[in-house]
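Below, each chain spelled out in residue letters.
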Amino acid sequence: DLHTAAKRAYCSQIDIVKLLLAQKLSRVRRRPDIHGLSSLILDADEIRGLVRRRTLEDPTMTRARKELRTTDRVVKALIHEGIFSTRTTTSPVNGRSVGIIPKAELDQFKADHCTIFDLMRETGVNFRLIKRELDVRQIAPLLSSDRFWTDFYRRSDITDIVFK
């Protein structure tokens, strides 16, 4: 029915009615035992293809969190402290407002900063050994966990470290 098709296509029922009135849907069937809009059997995949909006170039805050492999709280702190700027745009999936971070800023941040766990993934060395080596060399985090919920180190400060 119309309601189910709207939910599965991530659009409003009004969007579907507009497509019906414009005769843009090719796969429309009717149930003979029901009258009105409830009798329509619609293909959600066809509708989704017609109402789908452009994709976002810049990452949403959720995608930024996944790229940084961190939590929402950390991303919100980075935004609050002015490390990332944000803007609001319309989601291509459901048409609602969504906050996005400029991709260039996120990429630059990832190139310039890392956490101990990023280093662990990149080097294969246990995080305790990395932390110990950073402490021995007295390398302090550029962005500390008291404000950002995790420690971020400047990559240029740790490029010469060889982990044993």
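Look above for the structure.
Residues numbered from 1 in each chain as written. Predicted model: local features only at pLDDT ≥ 70, side-chain atom pairs only at ≥ 80, totals over all residues. Heavy atoms only, no water.

(A) The arrangement of the packing of helix α7 (residues 116-123) against helix α8 (residues 127-136) in detail. Two elements in contact, α7 and α8, have axes separated by 9 Å at closest approach and are oriented at 115 degrees. Handedness of the crossing formed by α7 with α8: right-handed. Taken together, the residues of α8 that come into contact with α7 (itself represented by Ile116, Phe117, Leu119, Met120 and Thr123) are Phe127, Ile130, Lys131 and Leu134. Split into classes, the residues belonging to the contact of α7 with α8 amount to seven nonpolar, one polar and one charged. (Axes fitted to C-alpha atoms, helices over the stretch in contact; angles between N-to-C directions. Helix = DSSP H or I, 4+ residues; strand = E, 2+ residues; numbered from the N terminus. Left-handed = near helix turned anticlockwise from the far one by under 90°. Contact = heavy atoms within 4.5 Å. Nonpolar A, V, L, I, M, F, W, Y, C, P; charged D, E, K, R; others polar.)

(B) Inspection of unusual backbone geometry at higher detail. Its identity as a non-glycine residue notwithstanding, arginine 69 has a phi of 55 degrees, on the positive side. Relative to the elements of secondary structure, arginine 69 occurs in the loop between α4 (61-68) and α5 (72-80). In this structure, tryptophan 149 is a non-glycine residue whose phi angle is positive, near 70 degrees. Note that tryptophan 149 resides in the loop between α9 (145-148) and β6 (153-154).

(C) Broad picture of the pairing of strand β3 (residues 87-90). With four bridges joining them, β3 and strand β4 (residues 97-100) adopt antiparallel strand pairing. By the bridge assignment, threonine 89 is partnered in β4 with valine 98. Connecting the antiparallel pair β3 and β4 is a turn made up of six residues, with glycine 95 showing a positive phi of about 80 degrees. (Pairing = 2+ DSSP bridges.)

(D) Seen up close, the nonpolar core. Counting residues in hydrophobic clusters, the biggest one holds 14 residues, and the most contacted among them are Leu68, Leu78, Phe84, Ile101, Phe109, Leu143 and Phe152. Breaking this core down by element, the ones donating at least two residues are α4, α5 and α6 (103-112). Among the elements that make up this core, the one with the highest residue count is α5 (five residues). Those residues in contact with leucine 78 that sit more than four places away from it in its chain are Leu68, Ile83, Phe84, Phe109, Leu143, Phe148 and Phe152. If you look at the next biggest cluster of nonpolar residues, it comprises 12 residues, including Ala9, Cys11, Ile16 and Leu19. (Core = buried A, V, L, I, M, F, W, Y, C linked by side-chain atoms within 4.5 Å. Buried < 20%, exposed > 50% of the residue type's maximum accessible area, 1.4 Å probe, protein only.)

(E) Focus on the pattern of salt bridges. Applying the stated criterion to the full structure yields 15 salt bridges. Residues arginine 27 and glutamate 46 are paired through a salt bridge, measuring 3.5 Å at the closest nitrogen-oxygen approach. Taken together, the positions of arginine 27 in the loop between α2 (13-21) and β1 (28-30) and glutamate 46 in helix α3 (residues 44-51) put the pair 19 residues apart, joining distant regions of the chain. We classify glutamate 46 as buried; its relative accessible area is 10%. Between arginine 155 and glutamate 122 there is a salt bridge, with the nearest N and O atoms lying 2.9 Å from each other. One end of the pair, arginine 155, is in helix α10 (residues 155-158); the other, glutamate 122, is in helix α7, with 33 residues separating them in the sequence. By sharing partners, the salt bridges in this structure join Arg27, Asp43 and Glu46 into a single network. (Salt bridge = Lys/Arg side-chain N within 4 Å of Asp/Glu carboxyl O.)

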